[in-house]
Amino acid sequence: METQQTKEDKLVIGGQVFDSRFILGSGKYSLDLIKAAISHGGAQMITLALRRANQGGVGNILDFIPKGVTLLPNTSGARNAKEAVRIARLARELGCGDFVKIEVIRDSKYLLPDNQETIQATEMLAKEGFIVMPYMYPDLNVARDLKNAGAATIMPLGSPIGSNKGLCTKEFIKILIDEIDLPIIVDAGIGRPSDACLAMEMGAAAVMINTAIATARDVVSMAAAFKNAIIAGRAAYLAGLGRVIDKGAAASSPLTGFLQEQEG
Amino acid sequence: MGQANEARLETGIFSEEIREHLPKNRINHMKYLPGMEAIKSDVLKEVIAARAGYDYKAYGPKEVRQALNKDSLSPEDFKALLSPAALPFLEEMAQAAKVRTREHYGNSIYMFTPLYIANYCENYCIYCGFNCHNKIKRAKLNAKEIETEMKAIAETGLKEILLLTGESSKMSDVKYIGEACKIAREYFNVVGLEVYPMNSEDYAYLQKCGADYVTVFQETYDSDRYETLHLAGHKRIFPYRFNAQERALMGGMRGVGFAALLGLDDFRKDAFATGYHAYLLQRKYPQAEIALSCPRLRPIINNEKINPMDVHEAQLVQVVTAYRLFLPYANITVSTRECAKVRQHLVQMGATKISAGVSVAIGGHSDDSEAKGDEQFEISDARTVKEVYDDLVDQGLQPVMSDYIYL
């Protein structure tokens, strides 16, 4: 299904080029999931909750990340901007690179991001040279502020994290895609390959998936299904979606037909 | 103490010996002692009122089905799931709980181990091996011994530790616990505390020393029953213990744990009160992480009186799955009081945290140290860290050693 157009289509974040638009999230991680996402999902970027990076512990997650895969450490566990900054610095010290996904959450029930603190953390970390990818609740004003603060991408949530409920915030993500000149990466809530496909058709630059694959009966097959869905959605976006006819066929007597008659 | 309570004393878990020991002049268990911080909070009042009003016989299959069909459960739904009417729905509850658990936690199961650093106790809780009238070997580890123990534990790969003491603020004062936290911080990512309740400034101090999770078991939420079980010591003061989690959060702790010792009193009402207590505090402190434990007094085999209030395995499953469905975001811990078989089933349906390589004596983790003090209770699952780890992997689960960075 590869065409010249899709072949040249790359995702660029912070100057780094990615062929894949599938990012593996970290909420539910297991080594099997990581392996499946890389070899069957084609993921080139993998989120790593630093708080779970078992330094030297049993099943050290860092040992299983192959070369060519970019680590995206996140600040999960941070309850305010200050804590997020400290986690990001720690990640850099541990050799995780300059990428950082900001997660500031002070709600243990729904794990919804705190937009205000996220803007502050983005500003502080961008100044320190991080490539900042903030996770946020899709709000246009906040997205603008994040861009001005130096964000490299914007990562709006589709629905509450881990819920598999799909694109509940679809209309608001669409606004971000239309208005913000940064890659918009849909993060959290994507439950099915069709959700991922839809996000890509809308013009999302990438999607982040975790729970949907982690909780599938067959992790490997589901990783492959997402890979295909993301490629299809992107190809459709690039191809330009055909018009959607709402109510049956197009009207046979157009309302502006009389214009032709007058001229004729 | 009313007549009803006296009557309950005759039939409950009390032995002749203990009944003789019941001191005559017990202090008022609802009145704070000097030095105990009183906070402004309505949570206690709300929980006690809701527990008193919980008539589990009023719920039928209809209410249970309604609760099972919901995404987000109300306290009323929680009551229905804890009612006897829900027992025929156990399989459905377990299936639903499993889905909910996987949604929130994936296949992750957190592993930790408790370390008892002292067993001196000033309380007289008639069901506990550490109580001050029990003639056991008392001990307290010094800094060097604590470090030796922690080193040995850390070598097993564990990254989370739970520090426990008996409840003696004289023998194990806040500073002593703080020093233990500082040592633990060197070896572990997560340091939890299960020690006597203290004031918020003490919690703030211990948080600075490296601890960030506080667990306090209320044992039973019936204050009259509580009074008959906790005859002396600080623990006797029911409301001070009840508000410990809130003071811990005020002191800056990241998370708090709750439990009733199921079987001490009406376990349905106590399980309801435990979940509702956690629910209300999470609403009041949305950033707080919440954990529940499910200890039970095991029914006594060959007990001639068959007690309908006994918490058998089916009732334990009912409580664990009801907790999960009502509080999908909460960690649920199952301790080594339960045998390996029961724990292996519970991690498939709702439990997210289990201990491993457990010693409930004082010391005894490292090869060159023998236990200095006696155990609190007998454990039923003696598997090592590696055995528990491997068993989880065999069950298709992901053992997680650490899920937090101390900040």
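Quick caveat, the model's predicted, so the values are computed rather than measured.

Draft legend 1. Inspection of the overall build of chain A at higher detail. Along the backbone of chain A there are 10 helices and 10 strands. The buried share among the 264 residues of chain A stands at 53%. Partitioning the intrachain contacts of chain A with sequence separation of at least 6 by distance along the chain shows that 64% fall at a separation of at least 24. In the form shown here, chain A has an accessible surface area of approximately 12400 Å², with 50% of it arising from carbon and sulfur atoms.

Draft legend 2. Quick peek at the environment of Arg-86 of chain A. Residues and elements named next belong to chain A. Within the secondary structure, Arg-86 is located in helix α3 (residues 81–93). Given a relative accessible area of 43%, Arg-86 falls into the partly exposed group. Considering only alpha carbons, one finds Arg-86 and Met-222, 136 residues apart in sequence, at a separation of 35 Å.

Draft legend 3. Structural context of the environment of Glu-76 of chain B. All names here are of chain B. Topologically, Glu-76 is positioned in helix α5 (residues 75–82). Residues Glu-76 and Glu-63, spaced 13 residues apart in sequence, show a C-alpha to C-alpha distance of 8.8 Å. Here the side chain of Glu-76 touches Lys-79 through a polar contact of 3.0 Å, side chain to side chain.

Draft legend 4. Structural detail: the interface of chain A and chain B. With 26 residues of chain A at the interface, the matching set in chain B holds 31 residues. Roughly 2400 Å² is buried in total at the junction of chain A and chain B, and carbon and sulfur atoms are behind 51% of that figure. Our count for the chain A to chain B interface comes out at one salt bridge. For Lys-165 of chain A, the salt bridge is made with Asp-71 of chain B, and the minimal N-O distance between the two is 3.1 Å.

Draft legend 5. Molecular detail of the environment of Thr-220 of chain B. All names here are of chain B. Structurally, the position occupied by Thr-220 is in the loop between β5 (213–219) and α10 (223–229). Apart from the residues lying within four places of it in its own chain, the contact partners of Thr-220 are Arg-51, Arg-225, Tyr-226, Leu-229, Phe-238, Leu-264, Asp-265 and Asp-270. At a separation of 3.1 Å, a polar atom in the side chain of Thr-220 contacts the main-chain amide nitrogen of Asp-222. Only 2.8 Å separates the side chain of Thr-220 from the side chain of Asp-270, close enough to count as a polar contact.

Draft legend 6. Layout of the confidence of the model for chain B. All names here are of chain B. For chain B, the mean per-residue pLDDT works out to 86, and 87% of the residues sit at or above 70. Contacts of residues 1–12 to residues separated by more than four positions or lying in other chains number 17 contacts, the stretch itself having pLDDT below 50. This prediction of the complex comes with two scores: 0.83 for pTM and 0.71 for ipTM.

Draft legend 7. Representation of empty space enclosed by the protein. Applying the stated rule across the entire model yields two cavities of 30 Å³ or more. Every residue along the wall of the largest cavity is listed here: Met-36, Glu-122, Asn-123, Glu-167, Ser-168, Ser-169, Tyr-196, Pro-197, Gly-233, His-234 and Tyr-240 of chain B.

Draft legend 8. Expanded view of the pairing of strand β4 (residues 190–194) of chain B. Residues and elements named next belong to chain B. Of all five residues in β4, five are buried; the element is thus mostly enclosed. Along β4, one buried face is formed by Val-190, Gly-192 and Glu-194 and the opposite face, lined by Val-191 and Leu-193, is buried too. Direction of pairing for strand β3 (residues 160–165) relative to β4: parallel, over a ladder of five bridges. Note that in β4 the partner of Ile-161 across the bridge is Val-191. Since β3 and β4 lie parallel, the crossover through helix α8 (residues 174–187) that links them has a hand, and here it is right-handed. The parallel pair β4 and β5 is bridged by helix α9 (residues 200–209), and the resulting crossover is right-handed.

Draft legend 9. Representation of the state of the cysteines within the structure. All names here are of chain A. Enumeration over the complete set of coordinates arrives at zero disulfides over all chains. Unpaired in terms of disulfides, Cys-168 finds its nearest cysteine sulfur in Cys-197, a separation of 18 Å. What makes Cys-168 exposed here is its relative accessible area of 53%.

Draft legend 10. Highlighting the nonpolar core. In this structure, Met-150 and Leu-163 of chain B are the most contacted members of the largest nonpolar core, which totals 120 residues. Examining the composition of this core, we find that nine residues originate from one element, helix α13 (residues 267–284) of chain B, more than from any other. What Met-150 of chain B contacts, discounting residues up to four positions off in sequence, is Leu-115, Ile-161, Leu-163, Ala-180, Ile-183, Ala-184, Tyr-187 and Phe-188 of chain B. One finds Leu-48, Ile-65, Ile-184 and Ala-223 of chain A within the second-largest nonpolar core, a separate group that totals 59 residues.

Draft legend 11. Examining the packing of helix α3 (residues 43–52) of chain B against α13 of chain B more closely. Residue and element names in this part refer to chain B. In contact at an axis separation of 9 Å, α3 and α13 are set at 145 degrees when each is read in the N-to-C sense. Of the two elements, α3 crosses α13, and the hand of that crossing is right-handed. Note on element contacts: α13 touches α3 through Lys-269, Asp-270, Phe-272, Ala-273, Tyr-276, His-277, Leu-280, Leu-281 and Lys-284, opposite Val-43, Glu-46, Val-47, Ala-50, Arg-51 and Ala-52. Its residues placed into classes, the contact of α3 with α13 shows nine nonpolar, one polar and five charged.

Draft legend 12. Representation of helix α4 (residues 115–127) of chain A in the model. Residues and elements named next belong to chain A. With 13 residues, α4 extends 19 Å between its outermost C-alpha atoms, agreeing within 8% with the 18 Å of an ideal straight helix rising 1.5 Å per residue. Between a side-chain oxygen at the N-terminus of α4 and the backbone nitrogen of Gln-116 the separation is 3.1 Å; the capping residue is Asp-114. One or two steps after α4, the chain reaches Gly-129, where phi turns positive at roughly 90 degrees.

Draft legend 13. Looking closely at the confidence of the model for chain A. Mean pLDDT over chain A works out to 85, with 86% of the residues at or above the 70 mark. Per-residue pLDDT stays below 50 along residues 55–59 of chain A; that stretch engages in 10 contacts with residues further than four places along the chain or on separate chains.

Draft legend 14. Layout of the pattern of salt bridges. Residues and elements named next belong to chain B. Within this structure, the stated rule accounts for 34 salt bridges over all chains. A salt bridge links Asp-77 to Lys-70, with the nearest nitrogen and oxygen atoms 3.0 Å apart. You can call Lys-70 partly exposed: its relative accessible area is 38%. What you see here is one network of salt bridges that share partners, running through Arg-51, Asp-222, Arg-225, Asp-265 and Asp-270.

Draft legend 15. Broad picture of α9 of chain B. Residue and element names in this part refer to chain B. Within α9 the residues assigned to the buried category are Ser-200, Asp-202, Tyr-203, Leu-206, Gln-207 and Cys-209. Angularly, the buried residues of α9 cover 170 degrees about the axis, an arc narrow enough to put them on a single face. Within α9, the exposed residues directed more than 90 degrees away from the buried face are Glu-201 and Lys-208. The inward-facing, buried residues of α9 abut α8, β4, β5 and α12 (244–250). Immediately downstream of α9, the backbone of Gly-210 shows phi near 125 degrees, a positive value.

Draft legend 16. Region of interest: the pairing of β5 of chain B. Residues and elements named next belong to chain B. Counting buried positions along β5 yields seven of seven residues, so the element is predominantly enclosed. On β5, burial covers both faces: Tyr-213, Thr-215, Phe-217 and Glu-219 on one face and Val-214, Val-216 and Gln-218 on the other are all buried. Note: β4 against β5, two bridges, orientation parallel. Paired with Gly-192 across the strands is Tyr-213, a residue of β5.

Draft legend 17. Fine view of the packing of aromatic side chains. Tallied over the entire structure, the rule returns 14 aromatic pairs over all chains. Both rings, one in Phe-18 of chain A and one in Phe-99 of chain A, keep their centres 6.3 Å apart while their planes meet at 70 degrees; by these two values the pair is edge-to-face. Placement of the pair is Phe-18 of chain A in strand β2 (residues 16–18) and Phe-99 of chain A in strand β6 (residues 99–102), with a sequence separation of 81 residues. On the basis of relative accessible area, Phe-18 of chain A is assigned to the buried category, the value being 4%. Ring centres 6.1 Å apart and planes at 80 degrees place the aromatic pair Tyr-105 of chain B and Tyr-110 of chain B in the edge-to-face group. In textbook terms, an aromatic cluster arises when at least three aromatic residues are bridged by ring pairs, as seen for Tyr-54, Tyr-56, Tyr-59, Phe-78, Phe-272, Tyr-276, Tyr-279, Tyr-323 and Phe-326 of chain B. A cation sits over an aromatic face here: Arg-92 of chain A above Phe-130 of chain A, 3.8 Å from the ring centre. The positively charged end of Lys-140 of chain B is found above the aromatic ring belonging to Tyr-176 of chain B, 4.5 Å away from the centroid.

Cut-offs and rules
Residues numbered from 1 in each chain as written. Chains lettered and ligands numbered in written order. Predicted model: local features only at pLDDT ≥ 70, side-chain atom pairs only at ≥ 80, totals over all residues. Heavy atoms only, no water. Helix = DSSP H or I, 4+ residues; strand = E, 2+ residues; numbered from the N terminus. Buried < 20%, exposed > 50% of the residue type's maximum accessible area, 1.4 Å probe, protein only. Contact = heavy atoms within 4.5 Å. Areas by Shrake-Rupley, 256 points an atom, 1.4 Å probe, with all protein chains shown as cover. Polar contact = N/O pair within 3.5 Å; in protein donor to acceptor, adjacent residues only side chain to side chain. Buried area = accessible area lost by both parts, 1.4 Å probe. Salt bridge = Lys/Arg side-chain N within 4 Å of Asp/Glu carboxyl O. pLDDT = per-residue confidence, 0-100. 1 Å grid on protein atoms, 1.4 Å probe; cavity = no way out; pocket = protein on both sides within 12 Å on 5 of 7 lines; lining within 4 Å. Points joined across faces, edges and corners; volume = space filled by probe spheres on them. Pairing = 2+ DSSP bridges. Right-handed = clockwise from strand over helix to strand, strands pointing away. Disulfide = S-S within 2.5 Å. Core = buried A, V, L, I, M, F, W, Y, C linked by side-chain atoms within 4.5 Å. Axes fitted to C-alpha atoms, helices over the stretch in contact; angles between N-to-C directions. Left-handed = near helix turned anticlockwise from the far one by under 90°. Nonpolar A, V, L, I, M, F, W, Y, C, P; charged D, E, K, R; others polar. Expected span 1.5 Å × (residues − 1). Arc of directions from axis to C-beta. Phe/Tyr/Trp six-rings, centres within 6.5 Å; stacked < 30°, edge-to-face > 60°. Lys NZ or Arg CZ within 6 Å of the ring centre and 35° of its normal.

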